[in-house]
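# Topology and contacts: notes
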Amino acid sequence: MLENEELIYYRGESQEYGRSKLIPSLIRRGLPEYQVINEYVKQYPEKFDALKNNTARLSLMQHMTLPTRLLDITRNKLVALFFATLSNDEEDGYVYVFKPNKEVKYGTYSDTVEILSTLAFMDEDAKNEINALIQDFIDEVIKSGITEAEYVLWYRKLVESITITTNVNCCCCGKKCCEEKTVECRLTKKYMKINQNYQVLRLYHMIKQDVGDFQHVIDFGRMLEPEIFESSITSERLKNQQGSFIIIPDVYRSQPQKNVLTANIDKIHCKLAKLQVKDQTSGELIRFKVPAGVKQAIHAELDKDLNINKGTMFTDMESMAQYISEKFS
């Protein structure tokens, strides 16, 4: 029994995909994110202009099967089981289990998710530059030896200082610092330098276009971690699937080169492991195997007893027609 199941999410995959498991299609296929998104928005400008923020826009794109940095998950383990048995009858399927990093479910208006979503709409050079700056900051945090509690306290003081005044030089002593006397001083100086970077200012500007007033404050120390969130996009399909998403950061590349893609996949697996639920005894990441030999029987039972089938999960007329055709074949 998994504890606090309200915060548990699942993903079903119909076979063991090896290194490609749990990888969004955009990254798996090595597609250029900015070009893909920009081309799609150009086709339906009114539809995307009507949405309230970039999180909602990215969610809609994923819902419409456009390759994005989002990974589909569900709150319903039986829906995940359906997808684990949907195809590849000769292969074992798997259900993966996730839980948010924090005891909170992010929504479509989360600042964290909006920042990561807005990055997806920026050109590749901008994302590469921002990513490099953030990684440099994270490396500095690690090198400093600061504890998690100390980092949280430092960041809180920083946010309070920026909220009060834009002339922030040192959040640890409240005075202008000429020397990097403490860890806090060094982190603050590096943070403020990043915060004034041209591409970061562009990121703030794009967010403000959606949400209006937005403080120039981003927790760069946590920007490269995937997050679970629930979208405001409403549709019969998402409702039936009880669908949510994991947004994957750090997918930037100028060209879909194999060596870059390979490195990103390794990094994503490592980061996603922090969201996956572990067995309390062994410490191993939990996933449930669905043997190939019982796939069809489970699939039929989900349909007969729970009305979980292609028609109800995909809801469009073509999928329903396919389901009915297969049912009476």
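These lines cover the structure that appears in this document, whether it is placed above or below. (Residues numbered from 1 in each chain as written. Predicted model: local features only at pLDDT ≥ 70, side-chain atom pairs only at ≥ 80, totals over all residues. Heavy atoms only, no water.)

### Let's talk about the pattern of salt bridges
For the structure on display, the rule yields 18 salt bridges. With its nearest N and O atoms 3.5 Å apart, the salt bridge here joins Lys143 to Glu140. Taken together, the positions of Lys143 and Glu140, both in helix α7 (residues 124-144) and three residues apart, correspond to about one turn of that helix. (Salt bridge = Lys/Arg side-chain N within 4 Å of Asp/Glu carboxyl O. Helix = DSSP H or I, 4+ residues; strand = E, 2+ residues; numbered from the N terminus.)

### Here we look at the packing of α7 against helix α9 (residues 183-195)
Put simply, α7 and α9 touch, their axes get as near as 10 Å, and they point 180° apart. Taken together, the axes of α7 and α9 lie roughly antiparallel to each other. Counting all contacts with α7, which are made through Leu133, Asp136, Phe137, Glu140, Val141 and Ser144, the residues of α9 involved are Val183, Arg186, Leu187, Lys190, Tyr191 and Ile194. A breakdown of the residues in the contact of α7 with α9 according to their chemical character gives seven nonpolar, one polar and four charged. (Axes fitted to C-alpha atoms, helices over the stretch in contact; angles between N-to-C directions. Parallel < 35°, antiparallel > 145°, perpendicular 65-115°, else oblique. Contact = heavy atoms within 4.5 Å. Nonpolar A, V, L, I, M, F, W, Y, C, P; charged D, E, K, R; others polar.)

### Concerning the packing of aromatic side chains
To describe a pair of aromatic rings, you give the distance between the ring centres and the angle between the ring planes. Within this structure, the stated rule accounts for 15 aromatic pairs. Ring geometry for Phe82 against Phe83: centres 5.1 Å apart, planes inclined by 80°, an arrangement best described as edge-to-face. Phe82 sits in the buried class, given a relative accessible area of 0%. A cation sits over an aromatic face here: Arg287 above Tyr94, 3.8 Å from the ring centre. (Phe/Tyr/Trp six-rings, centres within 6.5 Å; stacked < 30°, edge-to-face > 60°. Buried < 20%, exposed > 50% of the residue type's maximum accessible area, 1.4 Å probe, protein only. Lys NZ or Arg CZ within 6 Å of the ring centre and 35° of its normal.)

### Overview of the packing of helix α4 (residues 54-63) against helix α6 (residues 111-120)
Contact geometry of α4 with α6 gives a least axis separation of 8 Å together with a crossing angle of 60°. Note that α4 runs across α6; the crossing there is left-handed. On α6, the residues touching Asn54, Thr55 and Leu58 of α4 are Val113, Glu114, Ser117, Thr118 and Ala120. In terms of residue class, the contact of α4 with α6 is made up of three nonpolar, four polar and one charged. (Left-handed = near helix turned anticlockwise from the far one by under 90°.)

Geometric values such as these leave the question of function open.
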